Amino acid sequence: MLLIKCPWCGERAETEFSYGGEAGITRPRDPDALSDAEWADYLFNRTNPRGAHEELWNHAHGCRRWFGAERDTVSYVIARTYKLGS
Amino acid sequence: MKYSALNLVRNALTGNRNWTPAWRSPEPAREYDVVIVGGGGHGLATAYYLAKEHGIRRVAVLEKGWIGGGNTGRNTTIVRSNYLWTEASLLYEKSMQLWEGLSQDLNYNVMFSQRGVYNLGHTLQDMRDIERRVSANRLNGIDAEVVTAAQLKTAIPYLDTSPDARYPILGASLQRRAGVARHDAVAWGFARAADSLGVDIIEQCEVTAIRTEQGGVSAVETTRGTIRAGKVGVVVAGNASVLASMAGLRLPVESHPLQAFVSEPLKPVLDTVVMSNAVHGYVSQSDKGELVIGAGIDAYLGYGQRGSFPTIEHTMEAIITLFPIFSRVRMLRLWGGIVDVCPDACPIISKTPVAGLYFNCGWGTGGFKATPGSGWTFAHTIAQDRPHELNAPFDLERFTTGALIDEHGAAAVAH
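None of these values were measured; they are calculated from a predicted model.

Rules behind the numbers
- Residues numbered from 1 in each chain as written.
- Chains lettered and ligands numbered in written order.
- Predicted model: local features only at pLDDT ≥ 70, side-chain atom pairs only at ≥ 80, totals over all residues.
- Heavy atoms only, no water.
- Helix = DSSP H or I, 4+ residues; strand = E, 2+ residues; numbered from the N terminus.
- Buried < 20%, exposed > 50% of the residue type's maximum accessible area, 1.4 Å probe, protein only.
- Contact = heavy atoms within 4.5 Å.
- Areas by Shrake-Rupley, 256 points an atom, 1.4 Å probe, with all protein chains shown as cover.
- Lys, Arg positive; Asp, Glu negative; His and termini not counted.
- Charge placed at Lys NZ, Arg CZ, Asp CG, Glu CD.
- Domains from an automatic or database assignment.
- Buried area = accessible area lost by both parts, 1.4 Å probe.
- Salt bridge = Lys/Arg side-chain N within 4 Å of Asp/Glu carboxyl O.
- Polar contact = N/O pair within 3.5 Å; in protein donor to acceptor, adjacent residues only side chain to side chain.
- Nonpolar A, V, L, I, M, F, W, Y, C, P; charged D, E, K, R; others polar.
- Pairing = 2+ DSSP bridges.
- Axes fitted to C-alpha atoms, helices over the stretch in contact; angles between N-to-C directions.
- Core = buried A, V, L, I, M, F, W, Y, C linked by side-chain atoms within 4.5 Å.
- Expected span 1.5 Å × (residues − 1).
- Phe/Tyr/Trp six-rings, centres within 6.5 Å; stacked < 30°, edge-to-face > 60°.
- Right-handed = clockwise from strand over helix to strand, strands pointing away.

J.: Got a minute to help me understand the overall build of chain A in this structure?
T.: Across its full length, chain A holds one helix and six strands. Listed N to C, the secondary structure of chain A is β-β-β-α-β-β-β in terms of helices and strands. Out of the 86 residues belonging to chain A, those deemed buried represent 36%. Long-range contacts, defined as pairs at least 24 residues apart, comprise 44% of the intrachain contacts of chain A with a sequence gap of at least 6. A total accessible area of about 5000 Å² is found for chain A, and carbon and sulfur atoms account for 48% of it. If you average the places of the 11 positive and of the 13 negative side-chain charges in chain A, the two averages end up 9 Å apart.

J.: Any chance you could explain the domain arrangement of chain B here in plain terms?
T.: A common way to express how large an interface is: the accessible area buried when the components associate. Residues and elements named next belong to chain B. Domain boundaries assigned for chain B yield domain 1 (27–113 + 177–253 + 342–415) and domain 2 (114–165 + 256–340). The centre of domain 1, based on its C-alpha atoms, is set 26 Å off from the matching centre of domain 2. Each partner contributes to the interface: domain 1 provides 46 residues, whereas domain 2 provides 34 residues. Across the domain 1/domain 2 interface, buried area totals approximately 3200 Å², and carbon plus sulfur atoms make up 55% of it. At the junction of domain 1 and domain 2, the tally comes to one salt bridge. Between domain 1 and domain 2 we count 16 residue pairs in polar contact (both at pLDDT 80 or more) in total. Contributions of two or more residues to the side of domain 1 that touches domain 2 are made by strand 3 (78–79), helix 3 (86–100), strand 7 (179–180) and helix 8 (240–246). Tallying contributions element by element places helix 3 first for the side of domain 1 that touches domain 2, with six residues. Across the side of domain 1 that touches domain 2, the residue classes tally to 23 nonpolar, 18 polar and five charged.

J.: What's the story with the sheet that holds strand 5 (residues 66–72) of chain A in this structure? I'm lost.
T.: The strands making up a sheet associate through hydrogen bonds between their backbones, and the pairing can be parallel or antiparallel. All names here are of chain A. Here four strands make up an open sheet; going across it, the order is 3-4-5-6 and the pairing antiparallel. With partners counted over all chains shown, the strands left at the sheet margins are strand 3 (18–22) and strand 6 (78–82), one partner each. Adjacent strand axes in the sheet meet at a mean angle of 30 degrees when their direction is disregarded. Across four bridges, strand 5 lies against strand 6 in antiparallel orientation. Bridging across to strand 6, Gly 68 finds its partner in Tyr 82.

J.: Explain the nonpolar core to me, please; I cannot follow it from the model alone.
T.: A general feature of soluble globular proteins is that nonpolar side chains tend to end up buried together. Residue and element names in this part refer to chain B. Ranked by size, the top nonpolar core spans 61 residues in total, and within it Tyr 49, Trp 99 and Phe 190 carry the most contacts. For this core, the domains that each give at least three residues are domain 1 (27–113 + 177–253 + 342–415) and domain 2 (114–165 + 256–340). Filtering out sequence-adjacent residues up to four positions away, Phe 190 remains in contact with Leu 44, Ala 45, Tyr 48, Tyr 49, Leu 102, Leu 106, Thr 371 and Pro 372. Grouped together as the second largest cluster of nonpolar side chains are 33 residues, Val 37, Cys 205, Ile 227 and Leu 357 included.

J.: Explain helix 7 (residues 183–196) of chain B here, please?
T.: Each α-helix winds once per 3.6 residues, and so residues spaced three or four apart point in a common direction. Residue and element names in this part refer to chain B. With 14 residues, helix 7 should cover 20 Å at 1.5 Å per step; its first-to-last C-alpha distance of 20 Å lies within 8% of that length. Where burial is concerned, most of helix 7 is hidden: 12 out of the 14 residues are buried. Among the residues making up helix 7, those that are buried are His 183, Asp 184, Ala 185, Val 186, Ala 187, Gly 189, Phe 190, Ala 191, Arg 192, Ala 193, Ala 194 and Asp 195. One or two positions beyond helix 7, positive phi appears at Gly 198, with a value near 105 degrees.

J.: Explanation requested: the packing of aromatic side chains in the structure shown.
T.: What characterises a pair of aromatic rings is the spacing of the ring centres plus the angle enclosed by the ring planes. All names here are of chain B. All told, the structure shown has 16 aromatic pairs over all chains when counted by the stated rule. Each ring, one from Trp 99 and one from Phe 368, has its centre 5.5 Å from the other, and the planes form 45 degrees; the classification is tilted. In this pair, Trp 99 sits in helix 3 while Phe 368 sits in the loop between strand 18 (357–361) and helix 10 (371–384), placing the two residues 269 residues apart along the sequence. For Trp 99, a relative accessible area of 1% gives the class buried.

J.: So what exactly am I meant to see when it comes to the pairing of strand 1 (residues 31–37) of chain B here?
T.: Sheet faces and side chains relate simply in a regular strand, where the side chains alternate between the two faces. All names here are of chain B. Of all seven residues making up strand 1, five are buried, and the element is well covered by its neighbours. In this structure, strand 1 lies alongside strand 11 (residues 225–234), joined through six bridges in parallel fashion. Its bridge partner being in strand 11, Tyr 32 is matched across the sheet by Ala 229. The pairing of strand 1 with strand 2 (residues 59–62) spans four bridges and is classified as parallel. For Val 35, the partnering residue across the bridge sits in strand 2 and is Ala 60. Regarding topology, helix 2 (residues 41–54) serves as the crossover connection from strand 1 to the parallel strand 2, and that connection is right-handed.

Right, dumping it as structure tokens:
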């Protein structure tokens, strides 16, 4: 069981959270200017690293706020969690 | 050495001293026509069909661990072909047809048992989806039928078909030709058959880099030295993104742990395979009497080859909902395989922008059943440098063109 530290609520069990996937993917400002390949890259391609991963989590059964986390995808150790934009 | 009744008797009479290993352990050569990265079932099948169907025998299969140690030995062994969309069902049906002759073809008993697979429906919408899928299967020439709750009660006595169950069972789809196969035997059988055709199976050999020259693949760097290759086929399941990044490619897959469980051995209690989408679990009984149980992936990305406790709990809840009789059964073992999941829950069997580099990945939770067909189509794609019509729709390009094959939910369960 992962113990995840919500930046607002503190450490809670993983069952309170839902996973939001890779962090730092920004929606292109002008989608019409993109080629199909660039749009596909934004939409579907993911880094999917073996090791450190910046990702989004939502405290779904708590404060319901999104936050960022840096987690190792092999050991599952969460190095840090942070408020988005901080 | 051919496995036969005669050889069995002959070796028994000579004290079983003359059996030879099922495959050699050669040192890697400096160069091969084709290097297959990944010695799982799909990779070994690819090498086997490259040698058998296309006459390409200077082939190496590079495996970073040992044969049968990855996902091929970490699944629930279910084989079926009752997918909804034509592209998917034809691909899996090709596999099914290969399964039906596989033990004879490989001269190795893969213990393929066509004991049928039931996919339960718990709501009116489930039943509508089941009728639609069964009709689609029949139109594609795949056996499928809809069964009622009363028929289920007769066929699977211990299934809780009572109308006051928490998730009452209204009926199911049934594919009678579906079933299970022994997963280890599939890996060993393909390894032995490929080896006998001259394929070098090189274990304990991890690929650390992919070299390219003038836009084409030229060699792979491994923990056992540089191996030059005319073509490289990568089929490494959960590590697909890691290998892709070595060639500067990005893939539309994410890796997640998928768990499987085996109980203590029981006397025969379940002679078929039962899957449920709504409570999300599937169970069969192995020839040794163990219940073989699986469910969904862990929600978060992971390469750890172990699953989370909440998923274990959820899986057991699902199985006990279906079979209350199993509530006191103890689990013996559990393990996690790392599956690479595509956004449309369909695989990628494809050429890449790098000439001579091919990827076979994205099988998600449903790769085992496709082992022979995956290898057969991937071998064709590598040998001819163009996809077979069966795997042409599963090109990497579909994510750019938008021609996705949306099997999420359309398929019978989470594969």
